[in-house]
Amino acid sequence: MIEIRRLFPRKWEPSDPLVAYNNADGQIVMAAAMHRGNSSYYDRYGYQGSKEIVCIDCKEDGREVPVQLVDAKTRCKHFRHQAGEAPDGLRRDGETAGHLHGKRFIMDWARDQHHILPWSVQDEVWIPGVRLRSDVRATATSGRHLAFEVQRKPMDSKGWDRRHGGYQTAGIHDVWLWSPDVPDLVLDLPLSSVVLDMEYESLGVLVAIYGGRYRHPTAERYLVYPTHYASAPLSEWRLSGAGSLVPPPGMAEFIGDKPEPARLAQLKAHREALARRTSRQPATPVERRTDAVSQYRNRTSYSQVLGASASAARIDPERDARREAEAIERIMGRKR
């Protein structure tokens, strides 16, 4: 059953990470499984040891920032940046309990897919060469490698280009699963960027209103930002042999039949126009006058100069001069 639900952007708040990366052995470490004292794993590699346990998000940005293990009485175990070392302003929130739940949910679903090798499904896999860590990795029976990103925090276009482009460079098909409360969702093709709603255990396609009906934002000639998503239970979704998402049959009307190349061209034009608007500086008075003169000289007809439509009557200077002279003669009783 497909339902239309509203996106509900929330104010994003940072939180401390629950996982970190160990440079010594290339493994992901979880705060909940660690302890301190008696020459423990953390004592040997953590902040007080060799400082090889570092923040994953900082590492993806090219910074090696060791993190400290904290075992608070009122909170679960977590890692924390030292004072002055947190990536302030980079909108990072590390691993959260909701993120962990989302990954486990996707892993269980992926293992049940007919075209996925069950033993290939893993979480927190580091991809060498492109400095990326996928939330869930899997391999299709066709041999294609897949990466699922359970995205529960905001991401700007620069971060999207880096991560999405990195997966393409590595030859990995990436599928992005966004929380419905993440502001500024990244627009992409319908089955590459979808909504994972853990409350209803469903997967959905971003939609916007076109002519009174819901369609994916890239379904029509012009692009509209999404306000809702068409949602169906995750159990009704499948993965193809090529690793692509296969929605339930009723979802087709919300995706539209626009070909993928046209969607990509539309998204590219949208991004370029947005970049021009954000980078454009106000023109000086001299630049505005110069631009106006240039536009006037490049036009070849009166209708183009005055902005008249093709259906408007053509301006006749001689007729206008004659009418003006007749009006003056009537008023003044003499010729001009």
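Everything discussed here concerns the structure shown above.
Remember, predicted model here, so these are calculated numbers, not experimental data.

Section: the sheet that holds strand β3 (residues 27-30)
Working step 1: Here we have three strands laid out as an open sheet, ordered β3-β2-β4, and antiparallel in their pairing. Single-partner strands in this sheet number two, and they are β3 and β4 (53-54).
Working step 2: Sheet topology places strand β2 (residues 19-22) next to β3; four bridges connect them, and they run antiparallel. Its bridge partner lying in β3, Asn22 is registered against Gln27.

What about the pattern of salt bridges?
Working step 1: Evaluated as defined, the whole model comprises eight salt bridges.
Working step 2: For Asp123, the salt bridge identified is with Arg104, shortest N-O distance 3.5 Å. Pair noted here: Asp123 is in strand β7 (residues 122-127) and Arg104 is in helix α3 (residues 97-111), with a separation of 19 residues, a long-range link.
Working step 3: Here Asp123 falls in the partly exposed class, since its relative accessible area comes to 22%.
Working step 4: A salt bridge links Asp108 to Arg111; the nearest nitrogen and oxygen atoms lie 3.7 Å apart. Highlighted residues: Asp108 and Arg111, both in helix α3, separated by three residues, approximately one helical turn.
Working step 5: You can call Asp108 partly exposed: its relative accessible area is 45%.
Working step 6: Among the residues examined, Arg111 registers a relative accessible area of 33% and is labelled partly exposed.

Details of the nonpolar core
Working step 1: Counting 30 residues, the largest nonpolar core has Phe148 and Leu177 as its most contacted members.
Working step 2: Sorting the residues of this core by element identifies α3, β8 (132-139), β9 (145-151), β10 (173-178), β11 (193-197), β12 (202-210), β14 (228-233) and α5 (252-255) as the ones contributing at least two each.
Working step 3: The element contributing the most residues to this core is α3, with five residues.
Working step 4: Dropping the residues within four chain positions of it, Leu177 is found in contact with Ile106, Phe148, Glu149, Val150, Gln151, Val194, Leu196 and Leu203.
Working step 5: Grouped together as the second largest cluster of nonpolar side chains are 20 residues, Trp176, Val182, Leu206 and Tyr229 included.

Comments concerning the packing of aromatic side chains
Working step 1: Here the structure, examined in full by the defined rule, presents five aromatic pairs.
Working step 2: On the numbers, 5.0 Å between centres and 50 degrees between planes, the contact of Tyr41 with Tyr45 is tilted. You can see Tyr41 and its partner Tyr45 sitting in helix α1 (residues 41-45), four residues apart, about one turn around the helix.
Working step 3: Measuring from ring centre to ring centre gives 5.2 Å for Tyr210 and Tyr222, while their planes differ by 65 degrees; the resulting arrangement is edge-to-face. Pair noted here: Tyr210 is in strand β12 and Tyr222 is in the loop between β13 (213-215) and β14, with a separation of twelve residues, a long-range link.
Working step 4: Under the relative-accessibility criterion, Tyr210 is labelled buried at 6%.
Working step 5: Chaining the aromatic ring pairs together yields one cluster made of Trp160, Trp176 and Trp178.
Working step 6: Sitting above the plane of the Tyr200 ring, Arg5 keeps its charged end 3.6 Å from the centroid.
Working step 7: Above the ring of Tyr47, the side-chain terminus of Lys51 is found at 5.2 Å from the ring centroid.

Reading the values: the criteria
In this numbering scheme, every chain counts its residues from 1 along its sequence in written order. Given that the model is predicted, a residue must reach a pLDDT of at least 70 before its local features are reported, and side-chain atom pairs must reach 80 or more before they are shown or counted; all residues, however, enter totals for whole chains, interfaces and linings. Water and hydrogen atoms play no part in the side-chain values, which are based on all heavy atoms of the structure. Pairing between strands is defined by DSSP: at least two bridges between the two strands are required. Under the DSSP-based scheme used, a helix requires at least four consecutive residues in state H or I and a strand at least two consecutive residues in state E, with every element numbered from the N terminus. Salt bridges are defined by distance alone: a side-chain nitrogen of Lys or Arg within 4 Å of a carboxyl oxygen of Asp or Glu. We call a residue buried when its accessible area falls under 20% of the maximum for its residue type, exposed when it is over 50%, and partly exposed in between, using a 1.4 Å probe and counting protein chains only. Grouping buried Ala, Val, Leu, Ile, Met, Phe, Trp, Tyr and Cys residues that are joined through side-chain atoms within 4.5 Å yields what is termed a nonpolar core. Here a residue-residue contact requires only that any non-hydrogen atoms of the pair lie within 4.5 Å. Aromatic rings from Phe, Tyr and Trp, taking only the six-membered ring of Trp, are treated as a pair when their centres fall within 6.5 Å; an angle between ring planes under 30 degrees marks them as stacked, one over 60 as edge-to-face, and anything in between as tilted. Any Lys NZ or Arg CZ that is within 6 Å of a ring centre and within 35 degrees of that ring's normal is treated as a charge sitting over the ring.

Interpretation in functional terms is not warranted from these geometric data alone.
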